[in-house]
Amino acid sequence: THLADYQKAINENTSMLLKVHTSNYHISGFTKSVSNKEIAELAKEHRIISMEDLGSGVLIDFSKYGQKKEPTIFESLSSGIDLITFSGDKLLGGPQCGVIIGKKELISKLKKNQFLRAFRVCKMTISALEFTFKQYVDEKVAIEKNPTLNRILEPISEVFKRAEVLKNLLKDIEIDSEIIETKAIIGGGSMPDATINSYGVAITSLDGKQVETAFLKEDTPIVGRVQNNQFFIDLKTIHSDEYSIIIKNFKKFLERV
Ligand SMILES: *Cc1c(COP(=O)(O)O)cnc(C)c1O
């Protein structure tokens, strides 16, 4: 897409230029896109509104922590775009909701629209979002306390530690396993082409398919993966209070076979 494509498309019926972030897909090859700044300037020239649907909405520059660069809300705002929308849920790590920010006069207009009533969120959503934003006041606190951010930005040594704990707990109940390198993927349709180096624990002494099937039927199902007929669990999404659930499932499995 070139700036000329926007220019050519503007006519007397145009009231807004909208740019939508490619969140859950990735276009590669010979491609081009127009910057927010250019879109904002073109819109101003034509006295129409510019808007960016940012999708994930991150407040922290991920590239500072070795992750793939995602445009931040502040960067988008400072480009001069009038309105920005982003998800409260995806990379922000808050409740499922949509957020609209931007020029005060446009926000006031939106607030007066009858549609707002149909789309308004409840008090629980607002208080969860407020809680999430408050954590962001201190970037360090956000990274430590927000589960989504924490798991995306934590050092890989932390994942390895969890893998060692799980391996040792399995050894206690006489299950052999080994720690393997894995690639974790950020879900929720937010970063389709970014992977995070991670560690998993692969069970070497049990039939992978049998474990997988049994674990899906448990009261608390565990979704692992099977590779080379070995069941493995990626530690990226395992919290330290969840080892007991995993061990309980393995104990039950051992009783049955
Ligand atoms: C995810 C996404 C949405 C919808 O976000 P919600 O989480 O449902 O509020 C809209 N636009 C883009 C570009 C997205 O990535």
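As the structure is a prediction and not an experimental result, all values here were calculated from the model.

We now examine the overall build of the protein chain. Summing up its helical and strand segments, the protein chain has 11 helices and eight strands in all. The C-alpha atoms of the protein chain give a radius of gyration of 23 Å, which is well past the 18 Å a tight globule of 257 residues would have. Projected onto the principal axes, the alpha-carbon positions of the protein chain cover approximately 75 × 45 × 35 Å. Put simply, the protein chain has 257 residues, and 40% of those count as buried. Taking the contacts inside the protein chain whose residues are at least 6 apart along the sequence as the reference set, 65% of them involve residues at least 24 apart. Summed over all atoms, the accessible surface of the protein chain reaches about 15600 Å², with 54% contributed by carbon and sulfur. Distance from the positive charge centre (35 side chains) to the negative charge centre (34 side chains) of the protein chain: 6 Å.

Even without a glycine there, the phi angle at E174 is positive, about 60 degrees. Of note, N229 is a non-glycine position whose phi angle comes to about 55 degrees, a positive value. Within the secondary structure, N229 is located in the loop between β7 (225-227) and β8 (230-234). Under the relative-accessibility criterion, N229 is labelled partly exposed at 38%.

Once that is clear, we can look at the domain arrangement of the protein chain. Each domain of the protein chain was delimited in the assignment, giving domain 1 (3-150) and domain 2 (154-256). In this structure, domain 1 and domain 2 have C-alpha centres spaced 35 Å apart. Across the contact, 13 residues belong to domain 1 and 11 residues belong to domain 2. Around 990 Å² of area is buried between domain 1 and domain 2 when both sides are counted, 58% of it from carbon and sulfur atoms.

So, on to the site of the ligand. All residues adjacent to the ligand are V20, H21, S23, D53, G55, S87, K90, Q96, C97 and G98. C97 is positioned such that a nitrogen or oxygen atom in its backbone is 3.3 Å from an oxygen atom of the ligand. Burial of the ligand by the surrounding chains reaches 66%, relative to a free accessible area of 380 Å². Here the shell around the ligand is composed, by residue class, of two nonpolar, six polar and two charged.

Conventions adopted
- The residue numbers shown here count from 1 along each chain, following its written sequence.
- For this predicted model, a pLDDT threshold of at least 70 governs which residues receive local features, and a threshold of 80 or more governs which side-chain atom pairs are given and counted, while totals over whole chains, interfaces and linings are taken from all residues.
- Computation of side-chain values: all heavy atoms of the structure, hydrogens and water removed.
- Secondary structure elements are taken from DSSP: a helix is a run of H or I of four residues or more, a strand is a run of E of two residues or more, and numbering for both begins at the N terminus.
- C-alpha atoms define the radius of gyration in this analysis, and the globule rule sets the expected value at 2.2 Å times the number of residues to the power 0.38.
- Exposed residues in this analysis have more than 50% of their type's maximum accessible area, buried residues have under 20%, and partly exposed residues fall in between, with area computed by a 1.4 Å probe over protein chains only.
- Residue contacts are counted whenever heavy atoms from the two residues lie within 4.5 Å of one another.
- Working definition of accessibility: Shrake-Rupley area with a 1.4 Å probe, residue cover restricted to the visible protein chains.
- Charge counting follows a simple rule: Lys and Arg are positive, Asp and Glu are negative, and His as well as the terminal groups are ignored.
- Each charge is placed at NZ for Lys, CZ for Arg, CG for Asp and CD for Glu.
- Bear in mind that the domain bounds are from an automatic or database domain assignment.
- As a working definition, buried area equals the accessible area (1.4 Å probe) given up by two parts on being put together, with both sides summed.
- For this description, a residue counts as near a given molecule or strand if any of its non-hydrogen atoms is within 4 Å of it.
- Whenever two N or O atoms come within 3.5 Å, that pair is a polar contact, provided that in protein one can donate a hydrogen and the other can accept it, and provided that, for residues adjacent in sequence, both atoms are side-chain atoms.
- Gly counts as polar in this scheme, as do all residues outside two lists: the nonpolar Ala, Val, Leu, Ile, Met, Phe, Trp, Tyr, Cys and Pro, and the charged Asp, Glu, Lys and Arg.

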